[in-house]
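# A structural walkthrough
So the chains spell out like this:
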Amino acid sequence: MRNANPVGHVDADCFYVSAERVRYEHFQGLPLAVIGNQGACVIAKSYEMKAAGVKTGEPIWDAVKKCPDGAYVKRDFRWYEVLSRLMLDVVKEYSPRVEYYSIDEFFFEPHPAKGQDEQAFAEMIRDRIFERVRVPATVGIGRTKTLAKLISDTAKPFGARAVLGREAEEALLAATPVTEVSGIAGRRAARLSPWGVSTCLDFARMDRRIARQLLTASGEALWWELNGDPVLPIHPQRIPHKALSRGGSFGEATDDPGTLWAWLVRNLERLIEELNFHGVTTGRVVVWVGYKDGRAGEGRASLPEPADQFDILLEALRPCLRQAYIPGAAAGRMHLFAVGLRPKGERQLTLFEGASERVKIVSALKKAVNEKHGRFAMRSGATLPLAGMYADGAHGYDICDVRGKSCF
């Protein structure tokens, strides 16, 4: 039986590579890899680069050996978001409900014109995106979100496919490994293997109660979806955050306490931007530090009252970093987490709370200067040890700074 409300999925093909080719046409047809901030790791590759054996996540020095004639460019998430929003605008022209799932993926509710079937509608969406944005994308349409994503995955590259009949669905599921389902990989696939589950059709035909027992409620949701029963809705608006985080790799590991403190301050300034953007305060903070030898340190603190002010959060994080610090060990990553989020203005301040006028003035000035002259034109002096990193424009914008996505 055919679902009255199918779901569409748009997935850009090799998006970061395609975005670079939009900007620099001479990259068309050449083996191209996009590398991360530190220039040490391949984060995206063209089909030509893939054919040479280069893998995502591979160190650049290994990739160059496999593909010496390839081009290697540092990523630019600000540019990728520009093209992502243009793609989103195209899809919104043809659908009243669109979910901004990730920077290169959208779910949407298909509304074919009179006399147009879903297959023709999928082809139209694909072609309109390429005509307007010059980014090749693949479109899949199915009875649920999970099916739509599987369909688009099997139609790549630059494909368009609608699968709405159960017979065609089962043929697709039988030919697709269960690990291709978003949410089933590694350990989850290993749990299913003793039950004879290797394909998506095996999973769809297994007892629902066993699927839930092995993979919890999220696995049961995938079971329903693969059987054509939609349980994962399209979210035109992003659901509220339960936590916010900022951080990442240092590039060059360090055991210097001053440099670690500089990274904490940088990450806090970015975290406060996000708290302000979402209009929330945090009641608990966490510092996590990863070390090159495989160890990790963590510190946690609860605030007397939820806050979003730099000075208050910095003092709360100071002892957290001490807890996470391992003397003599070289740290390579740090993440800050804000949890226990509350909307601003949810409670009334007491007589002894609230930011001082001086703090408010400094915060407003900093925000105004940065909005006019650049994101980090004015920043804390504690970040001076990272001057070289701030001089590299690629560090000014990261994938987590692309706001509005459902998936990170």
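Described in the following lines is the structure provided in the data block.

A word on the pattern of salt bridges. In this structure the tally under the stated criterion is 33 salt bridges. In this structure, Glu81 and Arg85 form a salt bridge, with 3.1 Å as the shortest nitrogen-oxygen distance. Highlighted residues: Glu81 and Arg85, both in helix H4 (residues 77-94), separated by 4 residues, approximately one helical turn. With a relative accessible area of 12%, Glu81 lands in the buried category. For Asp401, the salt bridge goes to Arg270, with nearest N and O atoms at 3.1 Å. Of this pair, Asp401 sits in the segment after helix H14 (387-391) while Arg270 sits in helix H11 (residues 257-278), and the two are 131 residues apart along the sequence. Arg270 matches Asp401 in its accessibility class, with the two residues each being buried.

Moving on: the sheet that holds strand S4 (residues 71-74). In any sheet, the strands associate via hydrogen bonds between backbone groups, in a parallel or an antiparallel arrangement. Here we have 3 strands laid out as an open sheet, ordered S3-S2-S4, and mixed in their pairing. Taken across any chain shown, the strands that pair with only one partner, and hence form the sheet edges, are strand S3 (42-45) and S4. Shown here is a sheet whose adjacent strand axes are inclined to one another by a mean of 30 degrees, direction ignored. Pairing geometry for strand S2 (residues 32-35) and S3, over 3 bridges, is antiparallel. Counterpart to Val34 in the pairing with S3 is Ala44. Strand contacts of helix H1 (residues 15-23): S2, S3 and S4, with the helix running at about 105 degrees to S2, the strand carrying the most contacts.

All right, on to the packing of aromatic side chains then. Enumeration over the complete set of coordinates arrives at 13 aromatic pairs. Ring plane angle 85 degrees and centroid distance 5.0 Å describe the contact between Trp223 and Trp224, whose orientation is recorded as edge-to-face. Residue Trp224 is classed as partly exposed on the basis of its relative accessible area, which comes to 29%. Lying over the aromatic face of Tyr397, Arg78 brings its terminal NZ or CZ to 4.3 Å of the ring centre. The ring of Phe277 is capped by Arg403, whose NZ or CZ atom sits 4.3 Å from the centre of that ring.

For helix H6 (residues 145-154), a buried count of 8 out of 10 residues is recorded, marking the element as mostly surrounded by other parts of the structure. Within H6 the residues assigned to the buried category are Lys145, Thr146, Leu147, Ala148, Lys149, Leu150, Ile151 and Ser152.

Cut-offs used in this document
Residues numbered from 1 in each chain as written. Predicted model: local features only at pLDDT ≥ 70, side-chain atom pairs only at ≥ 80, totals over all residues. Heavy atoms only, no water. Salt bridge = Lys/Arg side-chain N within 4 Å of Asp/Glu carboxyl O. Helix = DSSP H or I, 4+ residues; strand = E, 2+ residues; numbered from the N terminus. Buried < 20%, exposed > 50% of the residue type's maximum accessible area, 1.4 Å probe, protein only. Pairing = 2+ DSSP bridges. Axes fitted to C-alpha atoms, helices over the stretch in contact; angles between N-to-C directions. Contact = heavy atoms within 4.5 Å. Phe/Tyr/Trp six-rings, centres within 6.5 Å; stacked < 30°, edge-to-face > 60°. Lys NZ or Arg CZ within 6 Å of the ring centre and 35° of its normal.

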